[in-house]
Amino acid sequence: MNLNIDLKELSVRESERVEWKENGDDINIIKEIVKTISAFANDISNVGGGYVVCGAKEIKDEHGFPKIQYTGLSANKLKEIEGKVTQHCRDRVHPALSPIVHEMENPENNSTRILVFVVLATSDAHVYRDGETSKHYVRISRENREAKNGILTQLLIKKQKIEYFDKRINYAATQADIDVLLFRDSMQEMGLLFPEKSLEDYFSDREQIAELVAPLFVRTNLDGILRPRNFTLLMFGKKTSITAIFPEAYTILSIYKGSDRSEPTAERYELTGTIIEQAKKSIELLNTQAYTAFDKTSSKPNQVKYPKRALQEAVINAIVHRDYEVPEPIRITVFADRIEIKSPGTLHWGVDKEKFLQGKASPKWRNQSFAYLFNKLQLAQSEGQGIPTIIRTMREEGCPEPIFEIEPESLTCILPAHPRHQIIRELQEIQDKVILQKYQEAKIQVLRLLEKDLYNFRSLDLYCEVIAKLKLPNELYNFLETKKLDFYLINPNTLINIAEILAGDKDNIKYQSLANKALSVAISGKIEEGQIAKAVVNLKKIGEPDDVIKFVGESILKYPNLAHNSTLLEKRATARIDKAKKCIDAGRDRNNNPKTKARAWEMCRELLEEAERDLNLALENAENPNEKFFIENDINFLNRMKQISKKPSNK
């Protein structure tokens, strides 16, 4: 058997499967090693066994994290430890054990060696005898414990039962039910295909494809036929064979547009074939739900709806750890605001429920072969890391905490969507109601959103749109005053929409004042280029001419292509005409002294010349006939003013 043990891989595995011993010459250390071997063989957690590594110890690095230091063993010491341990396994353990002994090079010192005892789980409940006492030992987390009371009962029941589902012989199948090409591809992907071995070497009742995985086949005593184990069939079997033998071993994936199953239509996929194929197809379909929403006002503008890693881990957990003896398929349901992944079979008996919900439970496997091989396929994290990974990745992306519903016959993992995506869905619903002219319904729904997040600019924009359609500036005014919104926390483009609605009621001084305040804050911020023309129009309604002239000038400097925008040019021209009117009034005022009146007429002529250049350029760039008509009227009015302000002749 080619063990292909990787020390680096062992160093990151859960301590439930690996024990590190610096030495082993002391009798007490020998006893501890043999107790550990006995505990691994008892395998109460169904992890398949474990490793005892001699010549290495766990230490802390400079940051306080666990680290393995390879102290190594001399040739004499190695043989001494090997001899004592194997002897104790024969003399002190009943039924006796024969761990696989493997000698490896020391990665830190080639003058010494590392000794590894590979322990496979057995069907017996092994007892360790020390003097007159005999005790059963089991491995729980990183320590060996004496099996007492309920744990001992469970161990004995476990050992007296038939094998775990994944390792059980399937008497309904033969070698002909295995897809040879799929098996070869999967083995190559797992890094377990060796060129020196033929297919017959793997398709036997003797050869293991990995150190803690049972042989793929068992030769039955009655007829001598090679029959696959359940894990062999479900991972490498032909689709027709799996469907015939395990009719419920498939996955249903449904996608609903809304937040419940009341939608009249839904996408539905029935995913059959091997559990590897089901896992990959499920992940592929779910990844389409992990799209990104962009929000430039956020410190994290790009936000995925669901972390892909969380989706993958949840799917793999459901497939690997499900109870295949429960006659139900896996059900994955995608709603607009969450994804539910329901796996048949409840939580493993050895897992603490509270620790599981916190992501701190020690790993327990219902189907150890699946867990091991999916890890080799890199479809799953290291053993026992699935739930912690789901919790961590959801938290890192700012998504709500995952929810785990543990029922007597099922376990459901619920992944809520990121709040930004939930809001986007509701905003789309409101936008659809506006399109269908259901303005009152839209107003009620958007106000509910604003109760949750008062400064969400998309919600505020939609509220303004609905208020404009209903022509209710009073409701907008009351809303702003009641909520005491800070205009400096609102998007400048949203402030322009607010100002436009309030400025429409020219007779209400309160509305005009608040509109002016909103617009003043808006133009002091970063307005989108497309909103500048709208801002200028509203500023012209409620602002001073100087404000309009200044804002247009600054906008053109910032966005040079606006130098030919007909709306901006026309509004700046009329603002200059408004100033010219005041100059004419000052020039005609008999109470002003001659110098003041002379300067007023001079300013009037300068303003009209600047206004004329703007209007001519605006007319040249105007595309709308109505706009051209108004600009031509402005030009005619300007010409009359030019006649009035014409400098008198000296004759």
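Here the structure is shown first, and the text comes after it.
Everything numeric in this text was worked out from a predicted model, so none of it was measured.

*Asks:* Account for the overall build of the protein, naming residues and giving values.
*Replies:* Each helix and strand in the protein was counted, giving 24 helices and 20 strands. Against the compact-globule benchmark of 26 Å for 651 residues, the protein has a radius of gyration of 39 Å, which places it well outside the compact range. Projected onto the principal axes, the alpha-carbon positions of the protein cover approximately 135 × 60 × 50 Å. Residues classed as buried in the protein amount to 49% of the 651 residues present. By sequence separation, contacts in the protein at least 24 residues apart represent 64% of the contacts at least 6 residues apart. Across the protein, the centroid of the 96 positively charged side chains sits 5 Å from that of the 95 negatively charged ones.

*Asks:* Lay out the sheet that holds strand β10 (residues 143-146) with the relevant residues and their values.
*Replies:* In space, the four strands of this open sheet follow the order β5-β8-β9-β10, with antiparallel pairing throughout. The open sheet terminates on both sides in strands that have one partner only, identified here as β5 (93-94) and β10. Alignment of β5 against strand β8 (residues 127-130), held across two bridges, turns out to be antiparallel. Each bridged residue has a counterpart across the sheet, and for valine 93 the counterpart in β8 is tyrosine 128.

*Asks:* Before we move on, could you go through the environment of glutamine 385 and cite the residues and values that matter?
*Replies:* Following the sequence through the fold, glutamine 385 ends up in the loop between α12 (368-376) and α13 (386-396). By relative accessible area, glutamine 385 is classed as partly exposed at 27%. For the pair glutamine 385 and aspartate 589, spaced 204 residues apart in the sequence, the C-alpha separation amounts to 87 Å.

*Asks:* Could you give an account of the layout of surface pockets, naming the residues involved and the relevant values?
*Replies:* Size it by volume and the largest pocket reaches roughly 770 Å³. Taken together, 33 residues line the largest pocket, and the ones lying closest to its centre are Asn46, Lys158, Glu163, Tyr164 and Lys167. Examining the composition of the lining of the largest pocket, we find that three residues originate from one element, helix α4 (residues 149-160), more than from any other. Of the residues belonging to the lining of the largest pocket, the class tally is twelve nonpolar, eight polar and 13 charged.

*Asks:* Describe the pattern of salt bridges, with residues and values.
*Replies:* Taken as a whole and judged by the stated rule, the model has 38 salt bridges. With a closest N to O distance of 3.5 Å, lysine 571 and glutamate 570 form a salt bridge. Within this structure, Arg572, Arg576, Glu610 and Asp614 form a network of salt bridges that share partners.

*Asks:* Residue-level account of α12, with values.
*Replies:* In terms of residue burial, α12 counts as a mostly covered element, since nine of its nine residues are buried. Every buried residue of α12 is listed here: Gln368, Ser369, Phe370, Ala371, Tyr372, Leu373, Phe374, Asn375 and Lys376. Those residues of α12 hidden inside the fold are in contact with α1 (7-11), α5 (180-190), α7 (230-236), α9 (275-287) and α10 (308-320). After α12 finishes, the residue glutamine 378 shows a positive phi value of roughly 60°.

*Asks:* Summarise the pairing of β10; cite the residues concerned and give the values.
*Replies:* Here strand β9 (residues 133-140) runs beside β10; their pairing, made up of four bridges, is antiparallel. Note that in β10 the partner of isoleucine 140 across the bridge is glutamate 143. Here β9 folds back onto β10, and the loop between the two strands holds two residues, one of which, serine 141, carries a positive phi near 60°.

*Asks:* I'd like a description of the pairing of strand β19 (residues 403-406), backed by residues and values.
*Replies:* Residues Phe404 and Ile406 point to one face of β19 and are all buried, whereas Ile403 and Glu405, pointing to the other face, are not buried. Relative to strand β20 (residues 410-416), β19 runs antiparallel, the two sharing four bridges. Note on β20: the bridge partner recorded for isoleucine 406 is leucine 411. What sits between β19 and β20 in their antiparallel hairpin is a turn of three residues.

*Asks:* Requested: an account of the environment of aspartate 6, with residues and values cited.
*Replies:* Following the sequence through the fold, aspartate 6 ends up in the segment before α1. Its relative accessible area of 39% is what places aspartate 6 among the partly exposed residues. Along the primary structure aspartate 6 and methionine 104 are separated by 98 residues, whereas in three dimensions their C-alpha atoms are 9.7 Å apart.

Calculation rules
- Residues numbered from 1 in each chain as written.
- Predicted model: local features only at pLDDT ≥ 70, side-chain atom pairs only at ≥ 80, totals over all residues.
- Heavy atoms only, no water.
- Helix = DSSP H or I, 4+ residues; strand = E, 2+ residues; numbered from the N terminus.
- Rg over C-alpha atoms; globule rule 2.2 N^0.38 Å.
- Buried < 20%, exposed > 50% of the residue type's maximum accessible area, 1.4 Å probe, protein only.
- Contact = heavy atoms within 4.5 Å.
- Lys, Arg positive; Asp, Glu negative; His and termini not counted.
- Charge placed at Lys NZ, Arg CZ, Asp CG, Glu CD.
- Pairing = 2+ DSSP bridges.
- 1 Å grid on protein atoms, 1.4 Å probe; cavity = no way out; pocket = protein on both sides within 12 Å on 5 of 7 lines; lining within 4 Å.
- Points joined across faces, edges and corners; volume = space filled by probe spheres on them.
- Nonpolar A, V, L, I, M, F, W, Y, C, P; charged D, E, K, R; others polar.
- Salt bridge = Lys/Arg side-chain N within 4 Å of Asp/Glu carboxyl O.

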